[in-house]
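Survey of secondary and tertiary structure
The lines below spell out each chain.
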Amino acid sequence: MTEVTQHSEDRRGPVLPPWLKKLAATLLTVAVTLLGLLFVTFMIGRVMPIDPVLAVIGERATQAQYDAAYLELGLDKSLLEQFFIYVRDVLSGDFGKSIRTGQQVTTDIARVFPATLELATLGTIIGIVLGVPLGVMAAVYRGSWIDQTARFVGLIGYSMPIFWLGLVGLLIFYGILDWVEGPGRLGVFYQGLVPERTGLLLVDSAIAGDWTVFKNAFGHIILPAALLGYYSLAYISRMTRSFMLEQLNSEYVTTARVKGLSERKVIWRHAFRNIRIQLITVIALAYANLLEGSVLTEIIFAWPGLGSYITTSLLANDMNSVLGGTVVIGTIFVGLNIFSDLLYRFFDPRAK
């Protein structure tokens, strides 16, 4: 009987451990998702009413120059061949050359992305620090003035256009009160004073120990980061309130109260502990939305980030830059989803 079972296992091949199967399934899902993203961006570049040849050589080029560029760009090949070439180039880190700057798109993205990363990270931190306690308190004191205030704050954050809040913020805090610095990432006098190591001005100035530059950079970033943080706060506080209400109405919370546990322990040690996993996904999505959706904020505050770069490139018909930035943003979304899933499995034993 043992020999029969062994021969049967030999015919089926080795049995993979569960964690390896999950890893293979995750990698397959990521590959399919990224391939779909590349296909969508490729088709966007083909259906846009822009002649890619004229965008490269200009409208005054001769017919001979046009034909040569047409062949060099591979436009004489079928769409399927063009797509495979596009995937090959992207996987090798080649998004082509920017028509607007004359540099490789990857070079441009590496230059502008740290600004967006710094802005979105600070905005997300503000949203977490203020949004999570606000959502918890709104759920604990449901129906009270605290709850009503939290819901009103969230409603304003969802309803008010971010560009309007940005203009009002500049008028009040910069133009009238002079509490913050103006548009831009750094004052002209302070540019180039600290060596660029990470591309994050706050980090680079702190590493260099130049607190004057740090203060100026913080004065520039705090207002746009606060606006993005407010937008993130509205989402995080609303979801935190919803999660906490579900937990506070559970039987185990009632049991904990009957046993005589303090309200603080019931709220933070029991109820809040059980929503951490859900909050991980919410925060990851909020962070990804700020990385992708800070375009208007960057334009209003003249912030030299990825969103502003993509918008300027689109207005200049620079499709290589637009598609390259779109692929980067899509990849970030996928990466953050995978990261949140890994944290989910780490904190929740049932998912392991």
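Below, the structure is looked at part by part. (Residues numbered from 1 in each chain as written. Predicted model: local features only at pLDDT ≥ 70, side-chain atom pairs only at ≥ 80, totals over all residues. Heavy atoms only, no water.)

**Structural notes on the overall build of the protein**
- Check the secondary structure of the protein and you find 16 helices and zero strands.
- By the compact-globule yardstick of 20 Å for 352 residues, the protein is too spread out, its C-alpha radius of gyration being 26 Å.
- Across the 352 residues of the protein, 38% fall into the buried class.
- Across the protein, the fraction of contacts at a sequence separation of at least 24, relative to all contacts at a separation of at least 6, is 72%.
- Here the protein has roughly 20500 Å² of accessible surface; of this, 64% comes from carbon and sulfur atoms.
- Side chains of the protein carry 28 positive and 27 negative charges; the gap between the two charge centres is 13 Å. (Helix = DSSP H or I, 4+ residues; strand = E, 2+ residues; numbered from the N terminus. Rg over C-alpha atoms; globule rule 2.2 N^0.38 Å. Buried < 20%, exposed > 50% of the residue type's maximum accessible area, 1.4 Å probe, protein only. Contact = heavy atoms within 4.5 Å. Areas by Shrake-Rupley, 256 points an atom, 1.4 Å probe, with all protein chains shown as cover. Lys, Arg positive; Asp, Glu negative; His and termini not counted. Charge placed at Lys NZ, Arg CZ, Asp CG, Glu CD.)

**Here we look at the side chain of glutamine 247**
- Within the fold, glutamine 247 resides in helix α10 (residues 211-248).
- Residue class for glutamine 247 comes out buried when judged on its relative accessible area of 12%.
- Contacts of glutamine 247, omitting those with residues within four sequence positions, involve Tyr252, Val253, Ala271, Asn274 and Ile275.

**Re a nonpolar patch on the surface**
- Residues Met160, Phe163, Trp164, Leu167, Leu296 and Ile299 make up a contiguous nonpolar surface patch of roughly 560 Å² in combined accessible area.
- Taken together, the elements giving at least two residues each to the nonpolar patch come down to α8 (162-176) and α14 (295-300).
- Within the secondary structure, phenylalanine 163 sits in helix α8. (Patch = residues over 30% accessible without salt bridge, like charges linked within 9 Å, V, L, I, M, F, W, Y side chains within 5 Å. Salt bridge = Lys/Arg side-chain N within 4 Å of Asp/Glu carboxyl O.)

**What about the packing of aromatic side chains?**
- Inspection of the entire model under this criterion finds nine aromatic pairs.
- Taken together, a centroid distance of 5.6 Å and an interplanar angle of 85 degrees make the contact between phenylalanine 39 and phenylalanine 83 edge-to-face. Here phenylalanine 83 lies in helix α5 (residues 79-91) and phenylalanine 39 lies in helix α2 (residues 18-47), a separation of 44 residues in the sequence.
- On the accessibility criterion, phenylalanine 39 (44% relative accessible area) is partly exposed. (Phe/Tyr/Trp six-rings, centres within 6.5 Å; stacked < 30°, edge-to-face > 60°.)

**Observations concerning the pattern of salt bridges**
- One pass over the full model with this rule turns up five salt bridges.
- Close ionic contact of aspartate 108 with arginine 111 constitutes a salt bridge, the shortest N to O distance being 3.3 Å. Placement of the pair is aspartate 108 and arginine 111 together in helix α6 (residues 105-140), with a separation of three residues, close to one helical turn.
- One salt bridge connects arginine 257 with glutamate 263, and the closest N-O pair in it is separated by 2.7 Å.

**Observations concerning helix α15 (residues 306-315)**
- Looking at α15, one finds that the buried residues are Leu306, Gly307, Ser308, Tyr309, Ile310 and Ser313.
- One or two positions beyond α15, positive phi appears at asparagine 317, with a value near 60 degrees.

**Details of the nonpolar core**
- Counting 41 residues, the largest nonpolar core has Leu38, Tyr86, Ile221, Leu306 and Tyr309 as its most contacted members.
- Secondary-structure elements contributing two or more residues to this core are α2, α5, α6, α9 (201-208), α10, α13 (276-293), α15 and α16 (319-347).
- In this structure, Val132, Ala139, Val253 and Ile267 belong to the second largest nonpolar core, which totals 18 residues. (Core = buried A, V, L, I, M, F, W, Y, C linked by side-chain atoms within 4.5 Å.)

**Overview of the environment of valine 266**
- With respect to the helices and strands, the residue valine 266 is situated in helix α12 (residues 263-271).
- Separated by twelve residues in the primary sequence, valine 266 and threonine 254 place their C-alpha atoms 9.1 Å from one another.
- With residues near it in sequence (within four places) discarded, valine 266 still touches Val253, Ala256, Arg257, Leu261 and Ala271.

**Focus on the packing of α6 against helix α7 (residues 145-159)**
- Direction vectors running N to C along α6 and α7 enclose 135 degrees, while the axes themselves pass 8 Å from each other. In terms of axis orientation, α6 runs oblique to α7. Relative to α7, α6 is oriented so that their crossing is left-handed. Of the residues in α7, those touching α6 at Leu134, Met137 and Ala138 are Ile146, Asp147 and Ala150.
- Here the residues of the contact of α6 with α7 sort into five nonpolar, no polar and one charged. (Axes fitted to C-alpha atoms, helices over the stretch in contact; angles between N-to-C directions. Parallel < 35°, antiparallel > 145°, perpendicular 65-115°, else oblique. Left-handed = near helix turned anticlockwise from the far one by under 90°. Nonpolar A, V, L, I, M, F, W, Y, C, P; charged D, E, K, R; others polar.)

**With respect to a positive patch on the surface**
- A cluster of basic side chains, namely Arg264, Arg269, Arg273 and Arg276, defines a positive patch on the protein surface.
- One can find arginine 273 in the loop between α12 and α13.

**A closer look at the environment of tyrosine 252**
- Here tyrosine 252 shows up in helix α11 (residues 251-258).
- The spacing of tyrosine 252 and histidine 270 is 18 residues in sequence and 8.7 Å in space, taken between C-alpha atoms.
- If near-sequence neighbours (up to four positions away) are discounted, tyrosine 252 is found in contact with Gln247, His270, Ala271 and Asn274.
- In this structure the side chain of tyrosine 252 is engaged in a polar contact, spanning 2.8 Å, whose partner is the side chain of asparagine 274. (Polar contact = N/O pair within 3.5 Å; in protein donor to acceptor, adjacent residues only side chain to side chain.)

All quantities given are derived from atomic positions and should not be read as evidence of function.
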